[in-house]
Amino acid sequence: MEPILLVHGGAGNITDARCPGKLTGMKQALRVGIKHLIPNNDLSEGSALDAVEAAVGVMESDGNFNAGYGACLNFEGKAEVEASIMEGSELKAGCVTLLHDIMHPISVARCVMQNTKHTFLGGEAAQKFALEHGFEQLPENSLITEDARLALEEFKERQASGLDTTFARTELDVKQDSGEQEPGTVGAVAIDCNGNIAAATSTGGITGKVSGRIGDTPLLGCGTYADNLQGGVSTTGHGETIMRFNLAQKIMSKIRYEGKTAQIATEEACKEMTERLTGTGGAITIDAHGRLGIYWTSHRMGWAYVKNGEIFYGIDHGKQFKEQL
C-alpha cells in the first residue's frame, strides 16, 4: 500500500487574512507527519498512528488553528480542549475532553489508549491522568491567543444584542466582517504501507460555549473513526450538528454498505447532514484502498495531503494547488 497522510485545518467562514497561516501550518504538519509514515533506513516500517499524532501535534502548537495553542474560549474565558485518536487494526482508541493548559491533548488521548483499559477520560480525572503520565501543565491561560479573546468579546456583544450565536466564531481576526461562524478543528488521517489506517482529531470547541460543553471531536463515530476494513475519517464543523448526525460513521457506512468511494461517501454524507440539520461541516477520509475523500459544506475548509513526494492542498471549493514536499 502506498503511504498517504491527509490533514484538515478546520471548516467555517475562514477569512482571506487567515488562509495563508492555515495553509502554511497544514503543509508543515505534513512535512513532520510524513517522516513517521514513510519506511526509512533504520528499518522502521512507518506508522499511520505515529503520523497522525505528529501531524495534529504540529497544528496544536500553531495559533492559526482552533486546537491547543489558539483554542477558542468558553464563556468564562478559559480554553477547554479535547481530542481523539483511533487505529484501524484492532479498533483501539483514546479520547479526552475538558483538559486545560496542556498543549497536546492528542498525545494525552493516545496515552489513554495505550496505558489504560479505558477509551475515554474527561475533566479533572483526565487532567490528573495527563500530569501523572508526564505531560506538562503550562501556566494558566498559556493556550489563549489575542484572536481567541477577540472572538469571545464579539460573541458576548452579539449575545447582548440579541443576535443568534448558535454558530459562534472561531476564525476571528481584526479584519473580519461581522457574521456567523462555524467552529474549526484540526485532524489527520493516514494509511501506511501495511494498509493500517489511523485518524486523529483535536479542537478547542466553540467560542462562548458553556463550561463543561463537550463537542463531537472526542466522540468515536462523530469526530473520528478508523477501521482497516473500511477507512478512516476526521471531521470538522458545528459540533452539535456533527454529533446529532454521527458524521464519521455515516461516511464509513456508505463505504461499507453502499460500496461508495471515499470521495462520494464523504460528499454525500456532508450534504445530507447540512440538508437535514442546517449546520455545516466537512470531513477528510481515506478508504481501505487508499482512495481519498475531501468535502465540506461550510464556506471554506483547509485541507492538504502528501503522496509520492508531492503536497496537494486547498481551502476553497474547486481550487487545488500542489508543490514538492
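Here is what the cut-offs are and how they apply
- Residues numbered from 1 in each chain as written.
- Predicted model: local features only at pLDDT ≥ 70, side-chain atom pairs only at ≥ 80, totals over all residues.
- Heavy atoms only, no water.
- Helix = DSSP H or I, 4+ residues; strand = E, 2+ residues; numbered from the N terminus.
- Phe/Tyr/Trp six-rings, centres within 6.5 Å; stacked < 30°, edge-to-face > 60°.
- Buried < 20%, exposed > 50% of the residue type's maximum accessible area, 1.4 Å probe, protein only.
- Lys NZ or Arg CZ within 6 Å of the ring centre and 35° of its normal.
- UniProt positions renumbered as here; feature names shortened; annotations may be inferred.
- Polar contact = N/O pair within 3.5 Å; in protein donor to acceptor, adjacent residues only side chain to side chain.
- Expected span 1.5 Å × (residues − 1).
- Contact = heavy atoms within 4.5 Å.
- Pairing = 2+ DSSP bridges.
- Axes fitted to C-alpha atoms, helices over the stretch in contact; angles between N-to-C directions.
- Core = buried A, V, L, I, M, F, W, Y, C linked by side-chain atoms within 4.5 Å.

**A look at unusual backbone geometry**
Okay, step 1: The phi angle at Asn246 is positive, at roughly 60 degrees, despite the residue not being glycine.
Okay, step 2: Residue position: Asn246 is located in the loop between α6 (239–245) and α7 (247–258).
Okay, step 3: Even without glycine at this site, Thr278 takes up a positive phi of about 75 degrees.
Okay, step 4: Mapped onto the secondary structure, Thr278 falls in the loop between α8 (262–277) and β9 (281–287).

**Some details on the packing of aromatic side chains**
Okay, step 1: Here the structure, examined in full by the defined rule, presents four aromatic pairs.
Okay, step 2: When the ring of Trp303 is compared with that of Tyr305, the centres are 6.1 Å apart and the planes differ by 20 degrees; the resulting orientation is stacked. As far as the burial class goes, Trp303 and Tyr305 line up, both buried.
Okay, step 3: Between Tyr305 and Phe312 the ring centres are 4.9 Å apart and the planes differ by 15 degrees, which places this aromatic pair in the stacked class.
Okay, step 4: In this structure Tyr305 comes out as buried when scored by relative accessible area, which is 12%.
Okay, step 5: Relative accessible area serves as the criterion here: at 14%, Phe312 is assigned to the buried category.
Okay, step 6: Counting every residue linked through ring pairs, the aromatic cluster contains Trp303, Tyr305 and Phe312.
Okay, step 7: A cation over an aromatic ring shows up here: Lys27 above the ring of Tyr313, its NZ or CZ 4.3 Å from the ring centre.

**Some points on the UniProt feature "active site" (unreviewed entry) in the protein**
Okay, step 1: The feature "active site" (unreviewed entry), as given by UniProt, occupies Thr185 in the numbering adopted here.
Okay, step 2: Along the chain, the position of Thr185 falls in the loop between α5 (146–160) and β5 (186–191).
Okay, step 3: Polar contacts involving the side chain of Thr185 include one to the side chain of Thr203, which spans 3.2 Å.

**Here we look at helix α2 (residues 48–60)**
Since the α-helix turns once every 3.6 residues, residues separated by three or four places project in the same direction.
Okay, step 1: With 13 residues, α2 extends 18 Å from end C-alpha to end C-alpha; this agrees with the ideal 18 Å at 1.5 Å per step.
Okay, step 2: Judged by how many residues are buried, α2 sits mostly within the fold: twelve of 13 residues are covered.
Okay, step 3: Summarising the contacts, the buried residues of α2 are in contact with β1 (4–12), α1 (19–33), β2 (81–87), α3 (105–115), β5 and β6 (197–203).
Okay, step 4: The N-capping residue of α2, defined by a side-chain oxygen 3.3 Å from the backbone nitrogen of Leu49, is Ser47.

**Digging into the sheet that holds β9**
The strands that make up a sheet pair up through hydrogen bonds in the backbone, lying either parallel or antiparallel.
Okay, step 1: Overall, antiparallel pairing links the four strands, which are arranged β7-β8-β9-β10 in an open sheet. The open sheet is flanked by β7 (224–227) and β10 (292–296), the only strands paired with a single partner. The sheet shows a mean angle of 10 degrees between the axes of neighbouring strands, taken without regard to direction.
Okay, step 2: Pairing of strand β8 (residues 231–237) with β9, which is carried by seven bridges, proceeds in the antiparallel orientation.

**Observations concerning the nonpolar core**
Okay, step 1: One finds Leu5, Val7 and Val52 to be the most contacted residues of the largest nonpolar core, which totals 55 residues.
Okay, step 2: Of the residues forming this core, the biggest block, eight residues, is contributed by α2.
Okay, step 3: If we ignore the near neighbours within four places in the chain, the residues touching Val7 are Met26, Leu30, Ala55, Met59, Gly187, Ala188, Ile284, Gly302, Trp303 and Ala304.
Okay, step 4: Listed in part, the 36 residues of the second largest apolar core include Ile191, Ala269, Ala283 and Tyr305.

**Considerations on the environment of Thr266**
Okay, step 1: The topology assignment puts Thr266 in helix α8.
Okay, step 2: Residue class for Thr266 comes out buried when judged on its relative accessible area of 0%.
Okay, step 3: When the C-alpha atoms of Thr266 and Val233 are compared, they prove to be 8.9 Å apart, with 33 residues separating the residues in sequence.
Okay, step 4: Every residue in contact with Thr266, bar those within four places of it in the chain, is listed here: Ile251, Ala283, Thr285, Gly293, Ile294 and Tyr295.

**Regarding the side chain of Thr241**
Okay, step 1: When you line up the elements, Thr241 lands in helix α6.
Okay, step 2: Among the polar contacts made by the side chain of Thr241, one reaches the side chain of His238 at a distance of 2.7 Å.
Okay, step 3: If near-sequence neighbours (up to four positions away) are discounted, Thr241 is found in contact with Met273, Leu277 and Gly279.

**What about the pairing of strand β12 (residues 310–314)?**
Okay, step 1: Within β12, five of the five residues are buried, leaving the element largely enclosed by the surrounding structure.
Okay, step 2: Burial along β12 is two-sided: the face carrying Glu310, Phe312 and Gly314 and the face carrying Ile311 and Tyr313 are both buried.
Okay, step 3: Pairing analysis gives five bridges linking strand β11 (residues 300–307) to β12, with the strands arranged antiparallel. Looking across to β12, one finds that Val306 is bridged to Ile311.
Okay, step 4: Taking the residues that link successive antiparallel strands as the turn, the β11-β12 hairpin has two residues, and the phi of Asn308 there is positive, at about 55 degrees.
Okay, step 5: When β12 meets strand β13 (residues 321–324), the two strands line up antiparallel, connected through four bridges. Note that in β13 the partner of Ile311 across the bridge is Glu323.
Okay, step 6: In this antiparallel pair of consecutive strands, β12 and β13, the connection spans six residues, and Gly318 shows a positive phi of 80 degrees.

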